[in-house]
Structure formats: structure tokens, C-alpha cells
Amino acid sequence: MIWVKNMDIREFLKDNIAVLDGGMGTLLQKAGLRPGEEPELWNITHPEVIERIQCEYFSAGSNVVNTNTFGANTLKFEKEKLCEIVKSAVEIAKRARERSAGDHAKFIALDIGPTGKMLKPYGDLDFEDAVAVFAETVRLGARFGADLVMIETMNDSYETKAALLAVKENCSLPVFVSCAYGEDGKLMTGASPAAMVAMLEGMGADAIGANCSLGPEKLRGVVAELLENASVPVLLKPNAGLPQSDGERTYYDVCADDFAREVASAVKKGVRIAGGCCGTTPEYISALVRELRGISPVPLTKKNVTCVSSYARAVKFSEKPVLIGERINPTGKKRFKEALREGDIGYILGEGITQEEKGAHVLDVNVGLPEIDEKAMLTTAVSELQAVTPLPLQIDTADAYAMEAALRIYNGKAMVNSVNGKEESMRAVFPLVKKYGGVVVALTLDENGIPKTAHERVEIAKKIIATAEEYGIEKKDIVFDTLAMAVSADKNAALATLGALRTIKTELGCHTSLGVSNISFGLPARDAVNSAFFAMALENGLSAAIMNPNSVEMMKTYHAFCALHGLDENCADYINFAANMPAAESSAAAPAPKAEGGKGSTELQNAIIKGLREKAAALTKQMLASNAPLDIVQREIIPSLDIIGKGFEEKTVYLPELLISAEAAKSAFAEIKAFVTAKGGASVKKCDFVLATVKGDVHDIGKNIVKLLLENYGFNVIDLGKDVPPEAIAEEAERTGAPFVGLSALMTTTVPAMEETIKLLRARTPATKIIVGGAVLTAEYAARIGADKYAADAMETVRYADAVFAEINA
Ligand code: B12
């Protein structure tokens, strides 16, 4: 392959391995970049340094060199400055390419890193604002002549989606997307490589990979999962191992030769695009190029994986049938309709969580009612559901505007319900599936209605496949619903549906889905008919069922089928299901409810664990009628946060869930606070009490409880909030002359800030009594860092403060 300028890297990749560059940040630090200085500004202040490094990379054999624009975005720079930065970044890279040695292919990638902010609902950056931030940089990069875009080091799937959408909507350049996976093989917010491949490939990424975070050896598992799922080229750009410090300097623990050998072995397994991240240098790239000599690329293969995903989970359509919960749908449900009219999202979330608990793998979301704004309701329902359940969703609407809006903000690769054989339907839905990705449910009906025979339904399926192909949608992303019709109205209804199902599965090689319960319409004892039909359909190749997971009959059928079909090792799932069946249904006694892995033992605890803000507040309000406020804190709020915190430590819970639970805990606490305040608290004010969570720490739930109780006992609490620098605390203590200062810290990493604050207080207000608390502290540690008192909880704080106050005033 002879490289020519302006060649499309996708062409190059067809039969070549592409070598990327190595680290930039670490080299800039060596060249004098100071801590806190923005590396992107060096495009303007030190262009010669950037050019030298990039020239060295090209000369070492890199086919792709990134512009020095990792953090170049409008959140960090004014628009004009950003333009100047990106313009000079691309120009520098072009000069480096001209000056460099070797006549190998040389591409310039516009480098895009994360914004550093969390997106809503976990953080405060709006999804569309994130898209706009990335879009600005993308437009500049394309305008100044980058050959491709490299989105890298992303650690959250939602932000990655925003970045990719911005690229797709603002230029036609090829785009590679690479994420930073942790030791557990997941992104910080929980996505697995398979989930990321599903979403990114669906949206049209040209290559997908892993970079940064770890050395090449530790990324082996991640790479294997990427290769197993991705049909597009896989990219690998690891660190030179882990950073180590010898006291004076930081170095990385994998040398160039070991790095090159390990990365080359990944290339032999199928990686197509390889380079290095933090700690790697031109020497590493030279070693890699040497190691890759003579290795030919592993041919790319279509993986034909049918997969839907959420921010955390990938659900594959393979052997085990997929259960799609049908309950979020107002059809025939009076209470649901009321909830929709009243905008009662809590009801919808409750339906979602129950179905998840009952074993659904995907949740159908249909909120269509003529009298409501479906687009607004659907997007709200989708984002709120995604905040409380990791299950992928099936967006179910006949309104293309609502569908687009929901697909746009969906975090992952959604199921789309539905398209059908009508021209109009296909023209409306396929472009959306192409743009946002998705697995679309296709109903085998067209302008002439629902055909009576299996044969005609299969013909419609063929037409749908052919039209989808025109839009660039592969048949792996279509799941056919051959339409279950009431058997009470047509005795052959079930057989026609099953015949079409079998042919589509075996002859057309497509996955299938059915809304199972329609079959029994008009009949008594519907569960019996539904579950028999479900079993027949599964036997005829049903891949997924839209069904009611609360129906014990249906779940029995499902678990029995899986066990009988060799899909359930040692019948473990079946046995577990049978053991937990409601007592009336099972011959064994139903187990008593108990707190088990990740679950609370009361309704309020579970509401907090699940992050149901409204429910947590409502339950707390109810409980306040007959329980002491502090008891609710001790018995409900703290244990539930402990459960979620333990899950977080054990990596069964990810940051989004932790954040959502904290929000629910706060809403419960707000009720308690309102209750206590309304009761009036103490009437006599005792004295000032300065309270703060120390610098670097944003945990404030515990501190706020302490505050509430102190106020209730008559102290005038001056709450400085969270993440408070030592100086600010000392200043306030000095200004007020408060006899007490309370400090909270919840992380090992922030205890030093507590110690620093105590030192400062001792110097400036030696008479102040310092009380410390927070989950990581112990009495011994508190004594060691010079505190007067360690209090394990809010009540102990009050008792101590009261005692000292009495002493002072004696
Ligand atoms: C909720 C929570 C969050 C919420 C906080 C929301 C908020 N507004 O507070 C969010 C999601 C934002 C969060 C973020 C993070 N968290 Co967090 N979080 C928790 C969690 C689950 C519960 C904390 C809590 O509120 N407990 C309930 C309260 C009531 O208990 P408490 O604080 O101990 O308070 C009581 C007593 O200690 C005492 N007390 C507290 N303060 C004070 C002050 C005084 C003066 C006194 C006298 C007494 C006192 O009285 C209180 C009432 O009885 C804990 C796990 C756990 N079980 O503790 C992890 C935990 C603290 N978080 C942890 C981590 C790692 C993080 C993150 C770094 C995660 C990340 N990768 O981003 C970030 C940190 C951000 C930062 N810079 O601070 C780790 C800390 C590990 C460690 N040992 O250092 C923990 C332990 C989880 C874990 N097991 O891994 N977190």
C-alpha cells in the first residue's frame, strides 16, 4: 500500500496495521511543563517542543500522531483561544509530518479527551451541552485539516456517546474511540468492553479500543473482549505499566522491549491499531515497530453479535432467550394512565425495578397517551429509568420524534420498538437506527395489514431486511416479531406466527421476538395459554419475549425451558427460582425476607439503595409518624448507605448507582430535617459551632446529620459546607470565636487535610475544642492527629458538646 496524502485511514486499515504515537503529557513534563499548566497552551507558547516530539514519533514509525489537543475544549478555553490552540496544534503536527523521516503512511488525528465533568443525572453537565462542547473542537479540527478524530481515555459511556455524536454531526472524518478501563475490566461508570462495542459500533465508530489506565499485560482481558465483539478494527494504546516513584521522580515499570512484545502479541491476536499512552516515548514506538515487522494483520471478521446495552450492561441475543418486561405500557392499565397524566415518574420507576427484580433482562418503555406530550415523557422516563436500573431499555413508540429524542439521550445501544414493512415506517425509523445505533424490532406487517400465512410474513421480513441494508443496517440489528394474534378469533393464529418465526430464525438467520400475551386475548385463565404458547415459541426459535416477568407461570416456563435446553448449568437458575417462588406456587416454604447481597431489609432501605428519591422521601414521611427521627437515620439511612458503599468497594456497584443512592438518602434526610425543624428544636441558643467537611472531600450527608442534631440541641451551627480549605475553617473559627469546630472526613485520602486543618486551628485558635468524625476515622487516629474528641455518630457529638458547654458555663 503506497500512502498518498489525503488518503482515508479506513482504506489504509483494510490491509495494514496502524501504529499510533506514544505519550505526550509525560514528555511535556520532562520538557518543563509545570503542574497545573495547561499542556494545550504549549501549542502557542512552545510549538517547537510539540513539533519535536511529534516528529520523533513519526520518525520512529508512527502512522498516526495525535494533535496536542487532549483537553482543548470550550469548558477550559474561550472560543477564540480554542481556535488558536487547535489551529496551531494541527499546523504543528503537519510540520512534524513534513520534517519526519520515513515514507510510511502518516496521519494526523485530532485528539479529544474527556471534559473532566460528570454528565447529568450523576453530575451537572447536560448531555446536549457536552455534545456542543465536543462539537466546537471537532469543527475546528476538521477545518484546519486533521485526517481523523481520536476520542480517547473516556471513562464514562454517556460522555463517550456525546463525543461520538458530536463528531458524526459535525464532520465526515473517520473516528476512533478509545476508553480507559480499570483493573476490573470496566469503565469508571461500569460499562464493559462488550457494552461499549455495542453502543459505539451502532453509532458508526471506525475503530474501538482501550488506552491509558494500565500496562499492556493488564489489558489482556479487555482486549480479548473487544476482539470478541467488535467487527471494526480494535485499537490498543496502553501505558508503560503503572507509575512508580523512587522518591524523586516518577517512572513507569514496563520497559520499551517488554511493552513492544506484549503489544505485538495483542496485534497477533487481532488488534489492528497499536501505540502507547502515559509513560511511553518514541523509543517505545521504535521498539513496537521493530516487533511488528513481518507480522501481517489478522483479517477483520463480522462478529454478527446482536446486542443491546445500557451504561453498564450488555445483553446479547445468543442462546438464552431474552426477557423483555412489558409492564411499562399504559395499554389497559388505568393506574398507569393516571400516573402518566399526573407526571408520576415514581410509578414508572417502581414498575421498572420490580421487573428487574423478577428477572427481566430488558425493559420495554411505552408512555404513549394521546393527551400527554409523549416526547417529553418518554425522554424523562428513559433518563430516570437509566438512573435507577442497569437494564437496557426498549424504546417503544409510534411517534418518530419521540423515538429520536429518546434514542438521542439514551445511554447505550437501545432496542427500538418498532418498525414494520410499510414504506412510511421504514423511512422514518431506519435513519434513526442508523444514526444512534439500536436493535430494531420489525413487525411482519405492511400496507396490506397482517398476512394470514407464515409464508407471507416471511416475505415481508425479507423486504424489511433488503430496505434496512439500503440504510446500512445489518440484519443482526433487526429482531423480527411475527405477531401473536388472538387464537380465540382464529384457530390457526398461533401456528402461523410460529411457522413464520421458525423460518425467519433458521432460513433468514435473524433473531425473533414476540409480544407473547396477545395470543390469549379473549380467553379465560390467560396465563395458562400464554405460558404454553411461550414454550412452543421458544421451541420454534424465539430469541426474545415481550412478557410479564411478574407472571409466575411465564417465569416457570422460561426457567424450565432453559434447564431442559442445556442452558442452565446444574439447573442452578431453575433451583434458585423455585426456591424463591411465592409460597402458594411452590411446594417448598418461601424463605423469609432477609437482607442479602446488595439488598436492604426494609422498604426504605431498598428505596435508598435503588436511588428512588420520591419513594424514599414518601416512606420517610410515613415513618416519621411513629418513629423517632434519629432512629430512622440510624436504622434506615445509614445501613442502606453502608450496603451501597460495600457494593462500591467490592465493585458490584458503580459510581452512578452510588450517586443516585446518595441523592435518595438526601431526600429522605430532607424529610427528617423538615420534621425536626417544624417541631421547633431547642429555644435557648447555646453557642457557635463551626462545622465543615475537609478539603478534597465532598461527602456531607453525615456532617449534615451532625448539624441537624446539634441545632436541635441548641447549638448555633455555622456550616461551611464541604471541600473546605483549612484556612477558611481557621478564619471562621477566629472570626466567631466559636468554642467548637467539627470536622468531617470520609476518605483515607482526605484525612491529611483534616490533620492540616487541626494544626492551623491549634496555631490560630488554641482554645477551640476540635471534634472529628467520619467513616474512616477511629478514636486512636483522631488522637494522633491532635483532635480533642472523636465522635462515632451525631448523638455522641451532641453529648460531648453539651458536656463541655456545661463545663465552660459552670
Ligand atoms: C454516599 C457516598 C458518596 C456520595 C456522597 C454524597 C454526599 N453528598 O455526601 C458520592 C457519590 C458523591 C460519593 C463520591 C465519592 N466517594 Co463515596 N461514599 C458514599 C458512601 C456510600 C456513604 C457515605 C455516607 O453518607 N454515609 C452515611 C453517613 C451518615 O455516615 P458518615 O458520613 O460516616 O457520618 C456519621 C459518622 O461518621 C459521624 N460523622 C460524620 N461526619 C462527622 C463530623 C463530625 C464533626 C462528627 C463529630 C461526626 C461525624 O456522624 C454521622 C452520623 O452518624 C460511602 C460508604 C460508607 N458506607 O461510608 C462511600 C465512600 C466514603 N466513598 C468512597 C469513595 C472512594 C468515593 C469517590 C472517590 C468515588 C469516585 N471514584 O469518584 C468519590 C469521592 C469524591 C470526593 N472527592 O469526596 C469510599 C472511600 C474509601 C476510603 N476509605 O477512602 C467509600 C468508603 C466507599 C468505598 N467503600 O469504597 N460518595
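Structure's up top.
Presented here is an overview of the structure given in this document.

About the criteria used
Residues numbered from 1 in each chain as written. Predicted model: local features only at pLDDT ≥ 70, side-chain atom pairs only at ≥ 80, totals over all residues. Heavy atoms only, no water. Buried < 20%, exposed > 50% of the residue type's maximum accessible area, 1.4 Å probe, protein only. Helix = DSSP H or I, 4+ residues; strand = E, 2+ residues; numbered from the N terminus. Pairing = 2+ DSSP bridges. Right-handed = clockwise from strand over helix to strand, strands pointing away. Contact = heavy atoms within 4.5 Å. Axes fitted to C-alpha atoms, helices over the stretch in contact; angles between N-to-C directions. 1 Å grid on protein atoms, 1.4 Å probe; cavity = no way out; pocket = protein on both sides within 12 Å on 5 of 7 lines; lining within 4 Å. Points joined across faces, edges and corners; volume = space filled by probe spheres on them. Donors = N, O, S within 2.8 Å, 3.2 Å for Na, K, Ca; no water. Phe/Tyr/Trp six-rings, centres within 6.5 Å; stacked < 30°, edge-to-face > 60°.

1. Here we look at the pairing of strand E6 (residues 207–212)
Now for step 1: The buried fraction of E6 is high, at six of six residues.
Now for step 2: In the sheet, strand E5 (residues 175–179) pairs with E6 via four bridges, with the strands oriented parallel. Counted as the bridge partner of Val-177 is Ile-208 from E6.
Now for step 3: Of the pairings in the sheet, the one linking E6 to strand E7 (residues 234–238) comprises five bridges and is parallel in character. What sits directly across from Asn-211, in E7, is Lys-237.
Now for step 4: Viewed along the sheet, the connection from E6 through helix H9 (residues 220–229) into E7 turns out right-handed.

2. Describing the sheet that holds strand E21 (residues 688–693)
Now for step 1: Strand order in this open sheet of five strands is E22-E21-E23-E24-E25, and the pairing throughout is parallel. A strand with exactly one partner marks an edge of an open sheet, and here the two such strands are strand E22 (716–719) and strand E25 (789–790).
Now for step 2: Packing against the sheet, helix H30 (residues 794–808) makes contact with E21, strand E23 (740–744), strand E24 (769–773) and E25, and its axis sits at approximately 170° to E24.

3. Overview of empty space enclosed by the protein
Now for step 1: The full count for this structure, using the stated rule, is three cavities of 30 Å³ or more.
Now for step 2: Roughly 100 Å³ of volume is contained in the largest cavity.
Now for step 3: If you trace the largest cavity, you find it lined by Ala-194, Val-197, Ala-198, Glu-201, Gly-202, Asn-229, Ser-231, Lys-303, Val-305, Cys-307, Lys-413 and Lys-476.
Now for step 4: Ranked by residue count, the leading element in the lining of the largest cavity is helix H8 (residues 193–203), at five residues.
Now for step 5: Here the second largest cavity is characterised by a volume of approximately 60 Å³.

4. Points about the side chain of Asn-548
Now for step 1: By secondary structure assignment, the location of Asn-548 is in the loop between strand E20 (544–547) and helix H20 (552–564).
Now for step 2: Classification of Asn-548 as buried rests on a relative accessible area of 19%.
Now for step 3: Filtering out sequence-adjacent residues up to four positions away, Asn-548 remains in contact with Glu-326, Arg-327 and Met-554.

5. As for unusual backbone geometry
Now for step 1: Of note, the bond from Lys-120 into Pro-121 is cis; its omega dihedral lies within 30 degrees of zero at 5°.
Now for step 2: Within the fold, Pro-121 resides in the loop between strand E3 (107–112) and helix H6 (127–144).
Now for step 3: Cis geometry is found at the peptide bond from Asn-417 to Ser-418, where omega equals 15°.
Now for step 4: Within the element layout of this structure, Ser-418 appears in strand E16 (residues 415–420).
Now for step 5: One non-glycine residue, Leu-483, lies in positive phi territory at about 65°.
Now for step 6: Within the fold, Leu-483 resides in the loop between strand E18 (478–481) and helix H18 (493–506).
Now for step 7: With phi around 65°, Lys-651 is a residue other than glycine that occupies positive phi space.

6. Some details on the coordination of the cobalt atom of the ligand
Now for step 1: Of all protein atoms, His-699 (NE2) alone acts as a donor to the cobalt atom of the ligand, lying 2.3 Å away.
Now for step 2: Note that His-699 resides in the loop between E21 and helix H26 (701–712).

7. Brief notes about the packing of aromatic side chains
Now for step 1: Under the criterion given, the structure shown has 10 aromatic pairs.
Now for step 2: A centroid spacing of 5.7 Å and a plane angle of 50° characterise the contact between Phe-430 and Tyr-471, whose relative ring orientation is tilted. A residue pair is termed long-range when its members are at least 10 positions apart, and Phe-430 in helix H16 (residues 423–436) and Tyr-471 in the loop between helix H17 (454–470) and E18 qualify at 41 residues.
Now for step 3: Tyr-471 sits in the partly exposed class, given a relative accessible area of 21%.
Now for step 4: Taken together, the ring pairs in this structure connect Phe-689, Phe-715, Phe-740 and Phe-805 into an aromatic cluster.

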